[in-house]
Amino acid sequence: MHNNTERLDLWLSVSQIHSSVNDKLEQALLRQYDISLKEFYVLKFVSSSPCKELRLQQLQEKVGLSQSATSRLVDRMEAPSVGALERHTCTMDRRGIYTKITELGEHKYEQALATVSQVLNEELQGDGTLKELENLIQKLLK
């Protein structure tokens, strides 16, 4: 590195690309499915887990929210008006609370996944962003 701020400048460039793509994903998901990017991540993580369920604590760690924020997010997604998740306690450990994806949640996830893939392709391939990101990462690794 040539100076003390070069690596920081590279990192900030990566962060800016990440933020821009996240914003586009958030807008598309809200517009088309009325779900946030965090809600999409919840559906993804729960859908991808064994038995299509996760302990709330595991989900909290994966999504990167506080315990109370995760609980509120899951509450919204369990509400009858959404119906994407169901919560239940562990039969072996009553303190363990799990959330499981419903059939409706699976369907919503599959639809939203197609949109996420489309947005990622457009944003990363369209104007050379993916190549720029690759170059930035290579420079960061030096």
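Look up: the structure comes first, before these words.
Residues numbered from 1 in each chain as written. Predicted model: local features only at pLDDT ≥ 70, side-chain atom pairs only at ≥ 80, totals over all residues. Heavy atoms only, no water.

1. Some details on the overall build of the protein
Right, so step 1: Secondary structure assignment for the protein yields six helices and three strands.
Right, so step 2: For the protein, the N- to C-terminal ordering of α and β elements is α-α-β-α-α-β-β-α-α.
Right, so step 3: Relative to the globule expectation of 14 Å for 142 residues, the C-alpha radius of gyration of the protein, 18 Å, shows a markedly less compact shape.
Right, so step 4: By residue count, 35% of the 142 residues in the protein fall in the buried class.
Right, so step 5: Looking at the protein alone, contacts between residues at least 24 apart form 54% of all its contacts between residues at least 6 apart. (Helix = DSSP H or I, 4+ residues; strand = E, 2+ residues; numbered from the N terminus. Rg over C-alpha atoms; globule rule 2.2 N^0.38 Å. Buried < 20%, exposed > 50% of the residue type's maximum accessible area, 1.4 Å probe, protein only. Contact = heavy atoms within 4.5 Å.)

2. Some points on the pairing of strand β3 (residues 97-101)
Right, so step 1: Sheet analysis places strand β1 (residues 53-55) next to β3, joined by three bridges and oriented antiparallel. The partner of Arg55 across the bridge, within β3, is Tyr98.
Right, so step 2: Of the pairings in the sheet, the one linking strand β2 (residues 85-89) to β3 comprises five bridges and is antiparallel in character. Its bridge partner lying in β3, Glu86 is registered against Lys100. (Pairing = 2+ DSSP bridges.)

The analysis is restricted to geometry; functional conclusions fall outside its scope.
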